[in-house]
Every structure is written in C-alpha cells, then in structure tokens.
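Structural characterization, general
Next come the chains, spelled out residue by residue.
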Amino acid sequence: MQGQDNIISFGGTSARRISVVLDPRARRIVEECRNLLARTLPQLMVGLFEQIDDSLYELADKSENNTLQTTYFDAMRELRKERLRIDRAFNHQVLEAYDNFWQTGRVDTATRSLDELSRDTEMALLDNEELEDSLAITNMISKSENRYSRELYALGQRFAFIVSGGRLNETPGTKSPLEPTVICNGFQAAMKDISVELPVKLVVYKLFEKHVMHYLGG
C-alpha cells in the first residue's frame, strides 16, 4: 500500500499526521470503525448513567444510617453534575488511543497485573484506596479479556493486516486499540478527579462493567 496522499490525519487538537500509509479502502475501513466507536460509546454511557442514578438511590434508601445515606445522595448529585465531563473525557481517552494506533501502529495496553499490585501493597507503594481502585480496574480488564479473547484476537489480526500494508501478522497476542485495557483505563482516567467516596466509585466501576464492557462485544 503506497502513496503519501493516503496518509490519515484525524481531527482534534491531539491529532498528528501519521506514519502508517493506507490505501483508500483501508482508510475508509479505519474511519468507519472510528465512527462506529464514536457513536457506540455515548449510547452505552447513557445507559450507564441511568443505572448509576437508580443504584445510588436504592443504596441510599437502604442505608443503615444518615451518614451513609448522605454519602450516596451527595455522590448522585456530584455524578449528575459531572456527567458531561466524564462522558467527554472517556470518549476522548478512547478515541485518542484509537487515533494514536494509526499514527504509530502500536497500542499502549500497559497496566499492572494482580501480582504486581500485590507486591506494591507489600512494599507500601500504594495507599489502600489507590490499591482498591486499581484492583477493580485490573479485575474488569481481566474478565473482559477472557470474555472477548476470540474477538480481540481477530480484531488484532485485522488491524495489524491493515497497518502492515496487507501482510498477515501471525504473531500471537497482536493488540488492537479496542483492548479492554484501553477502554477501562480510559474510564478510570475520566473518573480520577471526580469527588466521590471510594465505595461509590467501586459501585460505578461495577456498573460500567455490567452496562458498558458487557455490551461492547456486539
């Protein structure tokens, strides 16, 4: 696949001209995949925030004391207020990773394993809240990788085929920019500065797994 006229350049402040050269058909596939991703994520997030509201209200209603009830109601208000910012930040994280893949041919799926997190805990490098936050994300990634192992392998092979100019990459474990690590880390980053208690954030992560990650297979 040759021809500098077919270098992809996506929009946005973070986009740069890429070194991966694609023919018009491959470029169209890449753009259609991006458009599908850009349409699907917001739709799933709408369902997520509806469930967050319902779940936190139910937890507040069942709370055994006023302090806990106040925590859940405050979290509801905070998440409603920050909903647009979370949604935009999450979409930006995922789409930026997608665009970067077509600039470099690589995807950053760096995340700490459960063993690494355990070692960090023993060495007191993480406080308890950071550890629990990271464990929740790592578990979500692991479950999703197991659930979608065949689909992820197939996507990786197809994306590698496009990037390599039509040569099949037989390397096991070929990554794609739609890895669960990318999606989950993107949501974790979007939630990072949201002022809610850790138990609330863990509830949100569980709901994200159930109402976003569970439906990404389609």
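Structure: see above.
Residues numbered from 1 in each chain as written. Predicted model: local features only at pLDDT ≥ 70, side-chain atom pairs only at ≥ 80, totals over all residues. Heavy atoms only, no water.

1. Structural notes on the overall build of the protein
- The helix and strand tally for the protein stands at seven helices and zero strands.
- Along its sequence from the N terminus, the protein presents helices and strands in the succession α-α-α-α-α-α-α.
- Taken over 218 residues, the protein has a buried fraction of 40%.
- Residue pairs in contact within the protein that sit at least 24 positions apart in sequence constitute 68% of those at least 6 positions apart.
- Total accessible area computed for the protein in this model is approximately 12,600 Å², and 48% of it derives from carbon and sulfur atoms. (Helix = DSSP H or I, 4+ residues; strand = E, 2+ residues; numbered from the N terminus. Buried < 20%, exposed > 50% of the residue type's maximum accessible area, 1.4 Å probe, protein only. Contact = heavy atoms within 4.5 Å. Areas by Shrake-Rupley, 256 points an atom, 1.4 Å probe, with all protein chains shown as cover.)

2. A short note on helix α7 (residues 198-211)
- The end-to-end C-alpha distance of α7 is 20 Å, a good match for the 20 Å that 14 residues give at a rise of 1.5 Å each.
- Three or more residues of α7 are buried, namely L198, V200, K201, V204, Y205, L207, F208, E209 and H211.
- Tucked into the core, α7 has its buried residues touching α1 (24-61), α2 (66-104), α4 (128-147) and α6 (180-191). (Expected span 1.5 Å × (residues − 1).)

3. Comments concerning the side chain of N91
- Secondary-structure assignment places N91 in helix α2.
- In this structure the side chain of N91 is engaged in a polar contact, spanning 2.7 Å, whose partner is the backbone oxygen of D87.
- With residues near it in sequence (within four places) discarded, N91 still touches L41 and P42. (Polar contact = N/O pair within 3.5 Å; in protein donor to acceptor, adjacent residues only side chain to side chain.)

4. Observations concerning the layout of surface pockets
- Put simply, the largest pocket is a space of about 620 Å³.
- Lining the largest pocket are 26 residues, and of these L36, L155, L178, L216 and G217 lie nearest its centre.
- Looking at the lining of the largest pocket, the elements with two or more residues in it are α1, α5 (149-163) and α6.
- Sorting elements by how many residues they give to the lining of the largest pocket places α5 first, with eight residues.
- Here the lining of the largest pocket is composed, by residue class, of 19 nonpolar, four polar and three charged. (1 Å grid on protein atoms, 1.4 Å probe; cavity = no way out; pocket = protein on both sides within 12 Å on 5 of 7 lines; lining within 4 Å. Points joined across faces, edges and corners; volume = space filled by probe spheres on them. Nonpolar A, V, L, I, M, F, W, Y, C, P; charged D, E, K, R; others polar.)

5. What to know about a negative patch on the surface
- There is a patch of like negative charges on the surface, built from D127, E129, E130, E132 and E197.
- Take E130: it is sitting in helix α4. (Patch = residues over 30% accessible without salt bridge, like charges linked within 9 Å, V, L, I, M, F, W, Y side chains within 5 Å. Salt bridge = Lys/Arg side-chain N within 4 Å of Asp/Glu carboxyl O. Lys, Arg positive; Asp, Glu negative; His and termini not counted. Charge placed at Lys NZ, Arg CZ, Asp CG, Glu CD.)

6. As for the side chain of D99
- Within the secondary structure, D99 is located in helix α2.
- For D99, the side chain forms a polar contact with the side chain of R34, separated by 2.7 Å.

7. So, the nonpolar core
- Formed by 46 residues in total, the largest nonpolar core has its most connected members in M45, L79, I86, F90, F187 and F208.
- Contributions of two or more residues to this core are made by α1, α2, α4, α5, α6 and α7.
- Counting residues per element, this core draws most heavily on α2, at 12 residues.
- Contact partners of F208, with chain neighbours within four places excluded, come to M45, L48, F90, M140, I183, C184, F187 and M213. (Core = buried A, V, L, I, M, F, W, Y, C linked by side-chain atoms within 4.5 Å.)

8. Points about the packing of aromatic side chains
- Per the counting criterion, the structure on display carries 10 aromatic pairs.
- An angle of 90° between the planes, with centres 5.6 Å apart, marks the rings of F90 and F208 as edge-to-face. Placement of F90 in helix α2 and of F208 in helix α7 is noted, with a sequence separation of 118 residues between them. Each member of the pair F90 and F208 is classed as buried.
- Each member of the aromatic cluster is reached from another via a ring pair, and the members are F90, F187, Y205 and F208. (Phe/Tyr/Trp six-rings, centres within 6.5 Å; stacked < 30°, edge-to-face > 60°.)

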